[in-house]
Structure formats: C-alpha cells, structure tokens
Amino acid sequence: MKCKKCGSKAVVNMRQHKLALCKEDYLEWVPEQAERFIKKYRMFSHADKILVAVSGGKDSLSLWEILVRLGYQADGLYIGLGIDGGFGYSSESHRLAARFAEERGLTLHIVDVEAEYGESIPVISEISQRGRGKPCAVCGLTKRHVMNRIARDRGYDVLATGHNLDDEAAVLFGNTLRWSGEFLRRQGPVLAEMPGMARKVKPLCRFYEREMTAYALLRGIEYIYEECPFAEGSTSIYYKEVLNKLENNRPGAKLTFYLSFLEARERGLFTEAGEVRQELHPCTNCGQPTTAPGLCSFCRMIDKVHGEIEIP
Ligand code: AMP
Ligand code: FES
Ligand code: ZN
C-alpha cells in the first residue's frame, strides 16, 4: 500500500477515510485534522489558556502533544485516583504523565485524591456505597469536580479532555438506546461554560481510537497500555465492541453515526425533547453548579465519607 501523499510505503491504512499514509505524512495529518476540528467547532483560540486533563493514556498525552505542537497555551492536570489493580495503575500513569511534562518543559498540575480528600477512589466508593461495588461512578464524579475546580481556580478558559470517537460513539449509543433527551442535548465536542464551570472541549472526538494509538506509537509517546482495572466488563467497553463489529463490516459507520447525530442536533432534533430543564445553583460548599439545593453530589459524597469537612 502506497502513501496517498508522497507515494512511499504507507504505514497507516484508514479504510474509514479511504486514506493510507506514510509515517511522516501521518504525523502531519493528525495535527492538521485536529486544528480543523478545533476551528470548526470553535473550541478555543491561541489567546485562550487551556487545561488538558491527562490520564497517562495515549489519547490525552497525544492531545497535549498536538496542542503544544500547534502553538496553543496548554498546561496539564493529572488526578491521582489511588487505583492499584495489582500493577500500580495510578502510580504508573502518574509517572508517565509527569515524565511527559518534564521532558518537554511543560506545566503539570497534580491533584492526589487521597491527599486532598482523605481517601482514595476505591475507598470513597466503598464507604459511600455508590456504584454497586464498582468505583467508576465515584471516579467520574470526582474527576469532573477536580477538573472544574482546577480550571476555575487557576484561571483556565477551557478544559480539554482526550475523548476519542470510539468513546463518544459508545456514549452516544448508550444515550440513544435509552433516548435520554437531556444527555443527547448536552453531548458534543463543546460544552458551553456556566457560572463556576469552564468550557469543556474534546478536540479528538473525530479521531478513531486506533488513529490515536498509531499517532502515539509513531510519535514515540510513552503511555500506559493497560486500561483501568475496573473498566473490565463495563457497559461502555461492550458498546465499543458492538460498534467495532459494525465498523468492521461497514468502514466509516462509527464516524457517520456520530457526525449524523451532531448534524441532527444542529438542526434542532433534540431541543424539543420534552424534558424540563433543571435549574442550576452553586453548591453551598464548593460553588460548582448543581441541580440539587444545598450541596452538590460530590460534596454530599465526601460529607458522607468524613462527616463535616471543608472541601476545596
Ligand atoms: P476516561 O474517563 O478514563 O475514558 O478518560 C477520558 C478523559 O478524561 C481522558 O482522555 C483524560 O482527558 C481525562 N482523564 C481520565 N483520567 C484522568 C486522570 N486520572 N487525570 C486527569 N485526567 C483524566
Ligand atoms: Fe476511574 Fe477506572 S474507576 S478510571
Ligand atoms: Zn460542591
């Protein structure tokens, strides 16, 4: 197979785009595409201060690398979750994120959940009894809280995460199976800012997971290969498998599913979903927006774990 741009040997074949590229052209193509999506969805400009949430995985580290390469002002945030899984999942991801930043002279904020909130994610999950034996719900709630807090307190304009097309298509699949209007309305490459919350963007939302793996490998980015040990058997992994089966027979199906959804939403398909928009208030403890009167879900959870405490 030959590279469509220069005719030399192609190393990445993207059936979904009917495009094969050599290493050099692929490493140029990915940041070019990312720039196109950033502009198309009006995610941010070169004047904005961006906080990239980095997990130590291929997507978020590649995203950070791409943004810096494109000349954006991007700092990182790593959240230490205290997950071990028998192979030091969190400590290894921390090491890789810190090393990535150090080698490139970039700023990385580090928030260790146990140090700041008294317990690790698995322990908070056990005490608060949320999520039926799996800490993923507690983990998601905590990550969102910490990301919002650091973005707001450190004056960032935008918070960027490394969600790729496979992640977004799996979430969309779940939301569609339940026809959850509220979630369908909010899902997309950009979530507008609200009082107490920075704008959230997903610049990699149109890249297939395997495109990001190829980018990280070809660029020589060292990342953690293992998934979170709690992800095994999750619904989102099952949805990804189902969508991959579809994609194998119909190259491009995943991208079409996601892009058609975005177009339908643009045309207003989900604006009249018939659900009452819930009012948001600032949490009385942390100030982040919440639908509940008084404390937000995160503060209520930590309150349950510790009793009366002050939560940053
Ligand atoms: P996940 O929810 O694990 O699929 O991760 C989705 C995105 O959330 C990643 O691409 C990162 O941008 C961000 N993220 C996940 N885990 C962490 C973490 N421990 N620290 C900072 N950001 C994270
Ligand atoms: Fe949070 Fe797995 S439970 S990353
Ligand atoms: Zn709160």
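Residues numbered from 1 in each chain as written. Chains lettered and ligands numbered in written order. Predicted model: local features only at pLDDT ≥ 70, side-chain atom pairs only at ≥ 80, totals over all residues. Heavy atoms only, no water.

## Here we look at the site of ligand 1
Then step 1. Around ligand 1 sit 13 residues, and of these Ala53, Val54, Leu77, Ile79 and Gly162 come closest.
Then step 2. Here a nitrogen atom of ligand 1 and a backbone polar atom of Ile79 are 2.9 Å apart.
Then step 3. In terms of residue count, the dominant contributor to the shell around ligand 1 is strand S4 (residues 73-80) (three residues).
Then step 4. For the shell around ligand 1, the per-class residue count stands at seven nonpolar, five polar and one charged. (Near = heavy atom within 4 Å. Polar contact = N/O pair within 3.5 Å; in protein donor to acceptor, adjacent residues only side chain to side chain. Helix = DSSP H or I, 4+ residues; strand = E, 2+ residues; numbered from the N terminus. Nonpolar A, V, L, I, M, F, W, Y, C, P; charged D, E, K, R; others polar.)

## Examining the sheet that holds strand S3 (residues 49-53)
Each strand in a sheet pairs with its neighbour through backbone hydrogen bonds, running either in the same direction (parallel) or in the opposite one (antiparallel).
Then step 1. Spatial ordering of the open sheet is given by S5-S4-S3-S6-S8-S7, a layout of six strands whose pairing is mixed. The open sheet has two edge strands with one neighbour each: strand S5 (108-112) and strand S7 (190-191).
Then step 2. Across three bridges, S3 lies against strand S6 (residues 158-160) in parallel orientation. Residue Leu51 lies in a different strand from S6, and its bridge partner there is Leu159.
Then step 3. Contacting S3, S4, S5 and S6, helix H2 (residues 58-69) crosses the sheet at an angle of about 160 degrees to S3. (Pairing = 2+ DSSP bridges. Contact = heavy atoms within 4.5 Å. Axes fitted to C-alpha atoms, helices over the stretch in contact; angles between N-to-C directions.)

## Considerations on helix H6 (residues 136-153)
Then step 1. For H6, which comprises 18 residues, the first-to-last C-alpha distance of 25 Å matches the rise-based estimate of 26 Å (1.5 Å per residue) to within 8%.
Then step 2. For H6, every residue scored as buried is listed here: Val138, Cys139, Gly140, Leu141, Thr142, His145, Val146, Met147, Asn148, Arg149, Ile150 and Ala151.
Then step 3. Among the residues trailing H6, Gly155 stands out with phi positive, at a value near 70 degrees. (Expected span 1.5 Å × (residues − 1). Buried < 20%, exposed > 50% of the residue type's maximum accessible area, 1.4 Å probe, protein only.)

## Let's talk about the nonpolar core
Then step 1. Residues Tyr26, Phe44, Trp64 and Leu67 are the most contacted members of the largest nonpolar core, which totals 54 residues.
Then step 2. When residues in this core are grouped by element, the largest group, seven residues, is from helix H1 (residues 23-40).
Then step 3. Residues within four places of Trp64 in sequence aside, it is in contact with Val52, Val54, Ala74, Asp75, Gly76, Phe100, Ala101, Leu106, Thr107 and Leu108.
Then step 4. Judged by nonpolar contacts, the second largest core, of 33 residues, contains Val111, Tyr117, Cys228 and Ile302. (Core = buried A, V, L, I, M, F, W, Y, C linked by side-chain atoms within 4.5 Å.)

## Considerations on helix H11 (residues 253-266)
Then step 1. Taking 1.5 Å per residue as the helical rise, H11 with its 14 residues ought to reach 20 Å, and the 20 Å between its terminal C-alpha atoms agrees with that figure.
Then step 2. Residues Ala253, Lys254, Leu255, Tyr258, Leu259, Phe261, Leu262 and Ala264 constitute the buried set of H11.
Then step 3. Residues of H11 that are buried in the fold lie against helix H7 (165-177), helix H8 (181-186) and helix H10 (235-249).
Then step 4. With its phi angle positive at about 95 degrees, Gly268 sits one or two positions after the end of H11.

## Let's talk about unusual backbone geometry
Then step 1. Here the phi dihedral of Lys18 falls at roughly 50 degrees; this positive angle occurs in a residue that is not glycine.
Then step 2. Within the secondary structure layout, Lys18 lies in the loop between strand S1 (12-14) and strand S2 (19-21).

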